[in-house]
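What follows is the residue order along each chain.
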Amino acid sequence: MGPWGFVGLAYGIVWGTILIYWFCLKRRYKEAETELARLKAVAERLDDVEA
Amino acid sequence: MAAQAPVKKKRKGIVGALALAAILIGLYWSLIVAPPDAYQGEVQRIMYLHLPSILTAYLSYFLVFIGSGMYLWKREKRDDILAHSAAEIGVLFTALTIIEGSIWGRTTWGVWWTWDARLTLTAILLLIYVGYLMLRSLIEDEDRAAVAGAVLGIIGFLDIPLIHMSVYWWRTLHQPPSILRPDKAPWENIAWPLLVPLIINIVAFLLLYFYLLSLRYRLGEMRAEIRTLRLQREA
């Protein structure tokens, strides 16, 4: 592998890994957001029933 | 904990957009505009990733240290969330630093890895914080996990001064700091055409770091709210 091959390997691994982490973080974020909204809706319904 | 305000979401979006712009400018400057180094040639371009990523990792562990200390002192959940979030991102940047360093080492030293003091201590740093994340996920009781994590988070941070001083205390293959030295200003140690892309990349990594940290921190907040709501439902 030539010098540019090593440079490309380093840049590819770094930015590829960061991109994968960002995608995974976004997915976890969306899942938590959906779950939180669902639980809040359930809690509100229960409050209404109790009231 | 309240739902996230639209202002905070907008701020997060602005930091993300700035980070993306800085990353693209950094890539253009590092790979196209910057000249090759007089001694190392093109492979020196790995430095534009290597130094910003380790500085980002150090900043992350500093926040783990602060968050852990504050949690042990005040027992406020937000400090624990900060420490946990910063540890996760710190692990990412430490692992990337070791990988970049390994590729750079292969081209300059002829080996992918050597048991040099600085490299070994950095690997230990990575293991400590991987251990931190494992510990957090293995202890079911949230408060106990937070306390155990805080203790390990503080102990782990003590490795960073050792990493910094390792090149002075031991004979290592890794060179001593060549840019950030106490005796000279950075521009006296490196030519401006090489310093400019380095500064741009440090700024880009820091913006990216604060963007990722804000996302991860909010995720931690939401998870805490979910746990509270679930406990309320069960009660």
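See above for the structure.
Being a predicted model, the structure only gives us computed values, none of them experimental.

## Considerations on the overall build of chain B
Here comes step 1: A count of helices and strands for chain B gives eight helices and zero strands.
Here comes step 2: When its helices and strands are written in sequence order, chain B yields α-α-α-α-α-α-α-α.
Here comes step 3: For chain B, the spread of C-alpha atoms along the three principal axes comes to 70 × 40 × 30 Å.
Here comes step 4: Relative to its 235 residues, chain B shows a buried fraction of 36%.
Here comes step 5: In chain B, 76% of the contacts between residues at least 6 apart in sequence involve partners at least 24 apart.

## Regarding helix H5 (residues 142-157) of chain B
Since the α-helix advances by 3.6 residues per turn, residues separated by three or four positions end up pointing in the same direction.
Residue and element names in this part refer to chain B.
Here comes step 1: Relative to the 22 Å expected for 16 residues at 1.5 Å per residue, H5 spans 22 Å between its end C-alpha atoms, a close match to the ideal helical length.
Here comes step 2: Those residues of H5 that sit buried are Ala146, Gly149, Ala150, Leu152, Gly153, Gly156 and Phe157.
Here comes step 3: Elements that come into contact with the buried residues of H5 comprise helix H2 (47-74), helix H3 (77-108), helix H4 (117-138) and helix H6 (159-169).

## Focus: unusual backbone geometry
All names here are of chain B.
Here comes step 1: Positive phi is not limited to glycine here, since Arg75 has a value of about 55 degrees.
Here comes step 2: Inspection of the secondary structure puts Arg75 in the loop between H2 and H3.
Here comes step 3: The exposure class assigned to Arg75 is partly exposed, which follows from the 13 C-beta atoms found within 10 Å.

## Observations regarding the interface of chain B and chain A
Here comes step 1: Taken together, the 23 residues of chain B in the interface contact 22 residues of chain A.
Here comes step 2: Breaking the side of chain B that touches chain A down by element, the ones donating at least two residues are H3 and helix H8 (192-234) of chain B.
Here comes step 3: At ten residues, H8(B) tops the list of elements feeding residues into the side of chain B that touches chain A.

## Thoughts on the environment of A:Glu33
Residues and elements named next belong to chain A.
Here comes step 1: Of note, Glu33 is situated in helix H1 (residues 3-50).
Here comes step 2: The class of Glu33 is partly exposed, set by 15 C-beta atoms lying within 10 Å.
Here comes step 3: A C-alpha to C-alpha distance of 24 Å links Glu33 and Val49, two positions 16 residues apart in sequence.

## Topic: the packing of H3(B) against H8(B)
The relative placement of two packed helices is expressed as an angle between their axes plus a distance between the axes.
Residue and element names in this part refer to chain B.
Here comes step 1: The N-to-C vectors of H3 and H8 enclose an angle of 130 degrees; their axes lie 9 Å apart at closest approach. By the angle between their directions, the pair H3 and H8 is classed as oblique. By crossing handedness, the relation of H3 to H8 is classed as right-handed. Counted together, Lys77, Ile81, Leu82, His84, Ser85, Ala86, Glu88 and Ile89 of H3 and Tyr209, Leu212, Leu213, Arg216, Tyr217, Gly220, Glu221 and Ala224 of H8 form the full contact between these two elements.

## What about the environment of B:Ser68?
Residue and element names in this part refer to chain B.
Here comes step 1: Assignment of secondary structure puts Ser68 in helix H2.
Here comes step 2: Remark: the alpha-carbon pair of Ser68 and Ile160, spanning 92 residues in sequence, is separated by 16 Å.
Here comes step 3: Those residues in contact with Ser68 that lie beyond four places of it in its chain are Ala83, Ala150, Gly153 and Ile154.

## Structural notes on the environment of B:Lys12
Here comes step 1: Mapped onto the elements, B:Lys12 comes out in helix H1 (residues 6-33).
Here comes step 2: Each C-alpha atom of the pair B:Lys12 and B:Val33 lies 30 Å from the other, and the pair is 21 residues apart in sequence.

## Here we look at the packing of H2(B) against H3(B)
Residues and elements named next belong to chain B.
Here comes step 1: Taken N-terminus to C-terminus, the directions of H2 and H3 make an angle of 155 degrees; their axes are 7 Å apart at the nearest point. If you check the angle between H2 and H3, you find them roughly antiparallel. By crossing handedness, the relation of H2 to H3 is classed as left-handed.
Here comes step 2: Each residue belonging to the contact of H2 with H3 can be placed in one class, and the counts come to 16 nonpolar, ten polar and four charged.

## Remarks on the nonpolar core
Here comes step 1: In terms of nonpolar packing, the biggest core is built from 51 residues, with B:Ile46, B:Val64 and B:Ala86 touching the most fellow members.
Here comes step 2: For this core, the secondary-structure elements that each account for two or more residues are H1 of chain A together with H2, H3, H4, H5 and H8 of chain B.
Here comes step 3: With 13 residues, the single largest contributor to this core is H3(B).
Here comes step 4: Ignoring sequence-local partners within four residues, the contact set of B:Ala86 consists of B:Ser60, B:Leu63, B:Val64, B:Gly67 and B:Leu213.

Definitions and cut-offs
- All residue numbers refer to positions counted from 1 along the written sequence of the respective chain.
- To read the labels, note that chains go from A and ligands from 1, taken in the order they are written.
- Per-residue local features of the predicted model are confined to residues with pLDDT of at least 70, and side-chain atom pairs are confined, for both listing and counting, to 80 or more; whole-chain, interface and lining totals are unaffected and use all residues.
- Helix and strand definitions follow DSSP, with helices as H or I runs of at least four residues and strands as E runs of at least two, each counted in order from the N terminus.
- Any residue whose C-beta has 12 or fewer other C-beta atoms within 10 Å is treated as exposed, any with 20 or more as buried, and any in between as partly exposed, C-beta atoms being built from the backbone.
- For the purpose of contact definition, each residue receives a C-beta atom placed from its backbone, and two residues are in contact when these atoms lie within 7 Å.
- Under the convention used throughout, the expected extent of a helix is 1.5 Å for every residue step, that is, one less than its residue count.
- Note on geometry: axes are lines fitted to C-alpha atoms, helical ones only across the stretch in contact, with angles between N-to-C directions running from 0 to 180 degrees.
- Roughly parallel here means an angle under 35 degrees, roughly antiparallel means over 145, roughly perpendicular means 65 to 115, and every remaining angle is called oblique.
- For a crossing to be left-handed, the near helix must be turned anticlockwise from the far one by less than a right angle; the clockwise case is right-handed.
- Under the grouping applied here, Gly and all other residues not named as nonpolar or charged are polar, the nonpolar ones being Ala, Val, Leu, Ile, Met, Phe, Trp, Tyr, Cys and Pro and the charged ones Asp, Glu, Lys and Arg.
- Each nonpolar core reported here comprises buried Ala, Val, Leu, Ile, Met, Phe, Trp, Tyr and Cys residues connected via C-beta atoms within 7 Å.

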